[in-house]
Amino acid sequence: MKITKIETIRVEPVPDKVWKQTRPNSRQASPANLWVRIHTDTGLTGLGETYYAPRAVSAMVHDILAPLLIGRDPLDIENHWNNMFSLVNFFGYAGAEMRAISAIDIALWDLAGQHSGQPIYNLLGGRNRDRIPVYNTCVGYGKYPDYAAWTGGRAGELARDLLDQGVKAMKIWPFDRFGWTLAGPTDPRGKVILFGEETAIGVRTHFLSNDELKQGVAIVEDIRRAVGDKISIAIEGHARWDLPTSVRIARALEPLDVMWLEEIMPPDNPEAFARLKSSTRIPLCQSERVFTRFGFRQFIERNAADIIMPDLSWCGGITEARKIASYADTYYLPITTHDCIGPVALWAAAHLMMHIPNAMIMEMVRGFVEGWYNDVVTDHIKIEDGYLSLNGKPGLGISLRPEFVDGDQSRVEVSTEDQTRKW
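Residues numbered from 1 in each chain as written. Predicted model: local features only at pLDDT ≥ 70, side-chain atom pairs only at ≥ 80, totals over all residues. Heavy atoms only, no water.

Participant: Explain the packing of aromatic side chains here, please?
Facilitator: Think of a pair of aromatic rings as described by two things: how far the centres are apart, and how the planes are tilted against each other in angle. Enumeration according to the criterion identifies 16 aromatic pairs in this entry. Measuring from ring centre to ring centre gives 6.4 Å for Tyr 51 and Trp 314, while their planes differ by 35 degrees; the resulting arrangement is tilted. With a gap of 263 residues between them, Tyr 51 in strand β3 (residues 45-51) and Trp 314 in the loop between β11 (307-308) and α12 (317-330) connect regions that are remote in the sequence. The exposure class assigned to Tyr 51 is buried, which follows from its relative accessible area of 12%. In textbook terms, an aromatic cluster arises when at least three aromatic residues are bridged by ring pairs, as seen for Trp 81, Phe 85, Tyr 93 and Phe 294. (Phe/Tyr/Trp six-rings, centres within 6.5 Å; stacked < 30°, edge-to-face > 60°. Helix = DSSP H or I, 4+ residues; strand = E, 2+ residues; numbered from the N terminus. Buried < 20%, exposed > 50% of the residue type's maximum accessible area, 1.4 Å probe, protein only.)

Participant: What exactly am I supposed to notice about the pairing of strand β1 (residues 3-11) here?
Facilitator: Working note: regular strand, side chains alternate between the two faces of the sheet. Burial of β1 is extensive: seven of the nine residues sit out of reach of the surface. Pairing between β1 and strand β2 (residues 33-40): six bridges, direction antiparallel. Directly across from Ile 3, in β2, lies its bridge partner Thr 40. Here seven bridges tie β1 to strand β16 (residues 410-416), and the two strands are oriented antiparallel to one another. Looking across to β16, one finds that Thr 8 is bridged to Glu 413. (Pairing = 2+ DSSP bridges.)

Participant: Before we go on, may I ask you to explain the state of the cysteines in this structure?
Facilitator: Two cysteines, two sulfur atoms, one covalent bond between them: this is a disulfide. Summed over the entire model, instances satisfying the criterion amount to zero disulfides. Distance from the sulfur of Cys 315, which forms no disulfide, to the nearest cysteine sulfur (Cys 285) is 13 Å. Cys 340 takes part in no disulfide bond, and the closest cysteine sulfur to it belongs to Cys 138, at a distance of 9.9 Å. In this structure Cys 340 comes out as buried when scored by relative accessible area, which is 17%. (Disulfide = S-S within 2.5 Å.)

Participant: Got a minute to help me understand the side chain of Thr 416 in this structure?
Facilitator: You can see Thr 416 is positioned in strand β16. Take Thr 416: its relative accessible area is 18%, and that puts it in the buried class. Discounting chain neighbours no more than four positions away, the residues touching Thr 416 are Thr 4, Lys 5 and Ile 70. (Contact = heavy atoms within 4.5 Å.)

Participant: Please explain a nonpolar patch on the surface as it appears in this structure.
Facilitator: A cluster of nonpolar side chains, Tyr 52, Leu 182, Leu 194, Phe 195, Ile 201 and Val 203, forms an exposed patch at the surface whose accessible area comes to about 500 Å². Mapped onto the secondary structure, Leu 194 falls in strand β6 (residues 193-194). (Patch = residues over 30% accessible without salt bridge, like charges linked within 9 Å, V, L, I, M, F, W, Y side chains within 5 Å. Areas by Shrake-Rupley, 256 points an atom, 1.4 Å probe, with all protein chains shown as cover. Salt bridge = Lys/Arg side-chain N within 4 Å of Asp/Glu carboxyl O.)

Participant: Can you walk me through the packing of helix α3 (residues 77-89) against α12 in this structure?
Facilitator: Helix-helix packing: each pair is described by the crossing angle between the helix axes and the interaxial distance. Look at α3 against α12: their axes get within 9 Å of each other, and the N-to-C directions meet at 90 degrees. With respect to each other, α3 and α12 are oriented roughly perpendicular. In this structure, α3 contributes Ile 77, Glu 78 and Trp 81 to the contact, and α12 contributes Thr 319, Glu 320 and Lys 323. Split into classes, the residues belonging to the contact of α3 with α12 amount to two nonpolar, one polar and three charged. (Axes fitted to C-alpha atoms, helices over the stretch in contact; angles between N-to-C directions. Parallel < 35°, antiparallel > 145°, perpendicular 65-115°, else oblique. Nonpolar A, V, L, I, M, F, W, Y, C, P; charged D, E, K, R; others polar.)

Participant: Just checking my understanding: could you explain the sheet that holds β3 for this structure?
Facilitator: The strands that make up a sheet are held in pairs by hydrogen bonds between backbone atoms, and each pair lies either parallel or antiparallel. Pairing is antiparallel across the open sheet formed by four strands, whose spatial order is β3-β2-β1-β16. Edge strands, defined here as strands with exactly one partner in the open sheet, are β3 and β16. Looking at each pair of strands side by side, their axes are set apart by 20 degrees on average, direction ignored. Of the strands in this sheet, β1, β2 and β3 touch helix α4 (residues 96-116), which is tilted by about 150 degrees from β3. Contacts between helix α13 (residues 343-355) and the sheet are confined to β2 and β3, with β3 contributing the most and set at about 105 degrees to the helix.

Participant: I keep staring at the packing of helix α8 (residues 210-227) against helix α9 (residues 243-253) and nothing clicks. Help me out?
Facilitator: Here α8 crosses α9 at 40 degrees, and the two axes come no closer than 10 Å. Taken as axis vectors, α8 and α9 run oblique relative to one another. α9 is crossed by α8, and the crossing has right-handed handedness. Contacts between α8 and α9 involve Asn 210, Leu 213, Val 217 and Val 220 from the first element and Arg 248, Ile 249, Ala 252 and Leu 253 from the second. Residue classes in the contact of α8 with α9 are distributed as six nonpolar, one polar and one charged. (Left-handed = near helix turned anticlockwise from the far one by under 90°.)

Encoded structure:
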């Protein structure tokens, strides 16, 4: 079996006013994604996905990585990963480079599964479980205006609704609104719109008033009043705070028994997280923005995290995430996987989480799972009574919908042996 063609597919956004006419409660999610399809001479096609800067990642796929892949056996996954990483690491690996490698790696595992007639979790060594608990990240989309609910004084009501669906854990970011944004020095907390909605991205902030701290904590208190300890609450920090403020936030949340505090500071200094960890009883979760096992090694070895959260579409794909999970397991640390990305990344993460022994819980956004994910891929992922399970089909178990690939907004680029440069 040989690789004959590599495709990338991205989606052009429609004007925001046009989008809001039919979907007033939803941002355009898919234009930030890139899908990769790897075709072979046997007729099999593998599917991968990544997120952010899709045109830049597509250039990495076609200009840099395709010449290493086309004409070669797709089953040599470990060799492909090592080759691709060695090439990009010569110039510095993080960013679009790792996103491209991640999407390609997922597609190669999908091909291997289809070729062998087995789901990916069997190729990894089989299952440790046949379902995995999920938590809902409270982003609004479609019929679920979850973000508007918890930011609008209805966090307790949202928690009850999730429990009614069987979902027993949720994630919110109650302190973001008090952090400095990207609006500039004349309006440091001004609203900034990126990707069609107010962005969670901001600069590190060095002051949080007592009243603001209480307002953030009050949202968590509302959930506890409504449902008690029936639901677990994860707190997302979006890397917005400095160390002293992070300690204040953590200590204020301790009486509320939150599930974890996630990326409350930028993940560039593990020593700062080690200091935070020594100052609070709340477990620390790190971090979808850490790439490869080399990045996670620092958090694990320096006792700077309690829960390890790789994103398979960023950290290096299934090949690298498996190594990260194994390394975390030697320190008895659990794994959770990051979503908010796309349907292919979610399915890939689910295969890994079915296999690894130290899987804890998976992230999902119910509005995405029951919304735009189904416009992109052929199969609906099953979430029932708060647990996710897979369909048992070979490979990932999904493919892109033909009408999605052929749609007016889709942009497809292709590399073949005749169209790609030789190194």
